Amino acid sequence: MLKFDGKGVGAVLFTASAAFLPFGAHAEAALGPQASLCNANTSAVLVQIEGFKSRTGNVRVQLYSNNPGRFLEKGEYLERIELPVTSGGLMNVCVSVPKPGNYAVYVRHDVNGNGKSDRSDGGGFSGNPDVSLFDMMAKKKPRMSKAQFSVGSETRPIKIILNYVQGLSFEPLKQYR
């Protein structure tokens, strides 16, 4: 016969109640003009950006279709959201997707907010593929297969760690490696 001793009841209740909390209730709030989609846990991407070198400037998030020929090509993104960098923590930017499927995301941190690509700016991709300083100088983009992810009928969280030029490399800050 099983005995009920009350141990672990709090953990069970907490776990059960967490299943009924709105998506993202455990983390920072979703940001951007499409935040309500992520809060409702519909078909969208919650881009969780971390690794900021500074908390200045703007962050730009661009969503691309699963088409290697259009990936990172000028004006070929499906969605583009630009927001001021928050004062701390993860930046959770919600991006709508046209339908369930495969996508890729590129994030750019414009440190000084001038709208131009500078040596001080950072960037990152879904899947966090390695990108070398040589790749950047040669304008060689990562393969789509390294950056793609799938989105179904619910919000898909993806984490992107920003990379910055550091000496002769382009990589995350030391505490994020």
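Residues numbered from 1 in each chain as written. Predicted model: local features only at pLDDT ≥ 70, side-chain atom pairs only at ≥ 80, totals over all residues. Heavy atoms only, no water.

> How do you make sense of the overall build of the protein chain when you look at a structure like this?
Regarding its fold elements, the protein chain presents four helices and ten strands. Ordered by position from the N terminus, the helices and strands of the protein chain form the series α-α-β-β-β-β-β-β-α-α-β-β-β-β. Looking at the protein chain residue by residue over its 177 residues, the buried ones come to 38%. A separation of at least 24 residues holds for 70% of the contacts in the protein chain among residues at least 6 apart in sequence. When the accessible surface of the protein chain is split by element, carbon and sulfur atoms take 55% of a total near 10,300 Å². (Helix = DSSP H or I, 4+ residues; strand = E, 2+ residues; numbered from the N terminus. Buried < 20%, exposed > 50% of the residue type's maximum accessible area, 1.4 Å probe, protein only. Contact = heavy atoms within 4.5 Å. Areas by Shrake-Rupley, 256 points an atom, 1.4 Å probe, with all protein chains shown as cover.)

> How do you make sense of the pairing of strand E6 (residues 122-125) when you look at a structure like this?
Working note: regular strand, side chains alternate between the two faces of the sheet. Here E6 shows two buried faces, one formed by Gly-122 and Gly-124 and the other by Gly-123 and Phe-125. When strand E5 (residues 101-110) meets E6, the two strands line up antiparallel, connected through four bridges. When the bridges of E6 are listed, Val-107 appears paired with Gly-124. Here two bridges tie E6 to strand E9 (residues 163-166), and the two strands are oriented antiparallel to one another. (Pairing = 2+ DSSP bridges.)

> What's the story with the state of the cysteines in this structure? I'm lost.
In protein structure, a disulfide is the covalent linkage between the sulfur atoms of two cysteines. Under the defined criterion, the tally for this structure stands at one disulfide. Here Cys-38 connects covalently by a disulfide to Cys-94, the sulfurs 2.1 Å from one another. Torsion about the S-S bond of the Cys-38 and Cys-94 cystine: about 90°, corresponding to right-handed handedness. Of this pair, Cys-38 sits in helix H2 (residues 35-39) while Cys-94 is found in strand E4 (residues 91-96), placing the two residues 56 residues apart along the sequence. According to the relative accessible area criterion, Cys-38 is buried, its value standing at 1%. (Disulfide = S-S within 2.5 Å.)

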